[in-house]
Amino acid sequence: MSAVIADPSMGAVPLKRGKKKLLVMVAIGLALAIALSGGAVFYLKQKAAHAAAAAEAGDEEGSTGEHAAAKVDPKNVPVYLPLDPFVVNLADKEADRYAQIGVTFELANGASIEEMKAFMPSIRNAILMILANKTSRDLIDRAGKEQLADEIMREAVRPMGIDVAAPEPVAAAMPGASAAAESASGASAVAAPHEIPKAKPKSRRASQKNPIQHVNFSSFIIQ
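These lines cover the structure that appears in this document, whether it is placed above or below.

To continue, consider helix H3 (residues 120–132). Taking 1.5 Å per residue as the helical rise, H3 with its 13 residues ought to reach 18 Å, and the 18 Å between its terminal C-alpha atoms agrees with that figure. Within H3, burial applies to Met120, Ile123, Ala126, Ile127, Ile130 and Leu131. For H3, the angular spread of buried residues about the axis comes to 135 degrees, placing them on one side. Turned more than 90 degrees away from the buried face of H3 sit Pro121 and Met129, all of them exposed. Contacts from the buried residues of H3 go to strand E1 (79–82), strand E2 (86–89), strand E3 (98–107), helix H2 (111–118) and helix H5 (142–155).

This model, assessed by the stated rule, comprises five salt bridges. Salt-bridge contacts for Glu151 lead to Lys134; the nearest nitrogen and oxygen are separated by 3.1 Å. Of this pair, Glu151 sits in helix H5 while Lys134 sits in the loop between H3 and helix H4 (136–139), and the two are 17 residues apart along the sequence. By the burial criterion, Glu151 is buried, and Lys134 matches it. As a salt-bridge pair, Arg142 and Glu146 come within 3.0 Å of each other at their nearest N and O atoms. On the criterion of helical spacing, the pair formed by Arg142 and Glu146 is a turn pair, its members being four residues apart in helix H5.

Moving on, we come to the pairing of E3. Consecutive side chains along a regular strand alternate between the two faces of the sheet. For E3, the buried fraction is high: eight of the ten residues fall into the buried class. Alignment of E3 against strand E4 (residues 212–222), held across nine bridges, turns out to be antiparallel. Across the sheet, Ile101 pairs through a bridge with Phe220, a residue of E4.

Criteria and cut-off values
Residues numbered from 1 in each chain as written. Predicted model: local features only at pLDDT ≥ 70, side-chain atom pairs only at ≥ 80, totals over all residues. Heavy atoms only, no water. Helix = DSSP H or I, 4+ residues; strand = E, 2+ residues; numbered from the N terminus. Expected span 1.5 Å × (residues − 1). Buried < 20%, exposed > 50% of the residue type's maximum accessible area, 1.4 Å probe, protein only. Arc of directions from axis to C-beta. Contact = heavy atoms within 4.5 Å. Salt bridge = Lys/Arg side-chain N within 4 Å of Asp/Glu carboxyl O. Pairing = 2+ DSSP bridges.

That's the geometry; what it means functionally is another story.
What follows is the structure, given as structure tokens:
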């Protein structure tokens, strides 16, 4: 029986093709790995750059805040004195209206708090008298509220013996008014050349500075 001899050329082709396919796959894998590693490096660099920029911005903000805080003088920090809310009937004639208003005094220093507390019943009475003469129309707009704050700031310290002059109204100048005033003053001077003008009486604490720096409204309800 004769032996069958296999042709060596029949198995050689598939072996070469398998090696080529394997080499191609390895090359593709290496290319993918290089691309992924490059992308990861780029991402990490970008992330680090953003983190550094954010840290620098935070340092700048912190330094700015420190400088702003350093400019604040703790000795000149305002002191606030809140008052109990005021509930008062307004002066409206066509309907019954009332106001509920919260007032907080901004004082120059803490020493004024105890002094104002000693006069608080009279201070509250002065504020109530102001509110009782107001109508809802007087208090409805911003100008009315600002005028009310000025009146409270002026009248609240009168019980303490401090007189604050009210702002003088600005009158429109009329033609010939100045000439008439000059002639009238000249005539009075001729009529009474030796008359000495009387000095206005001064309050015992008129020269003292108003301890109330501002009048703040914590609530303002009109019904």
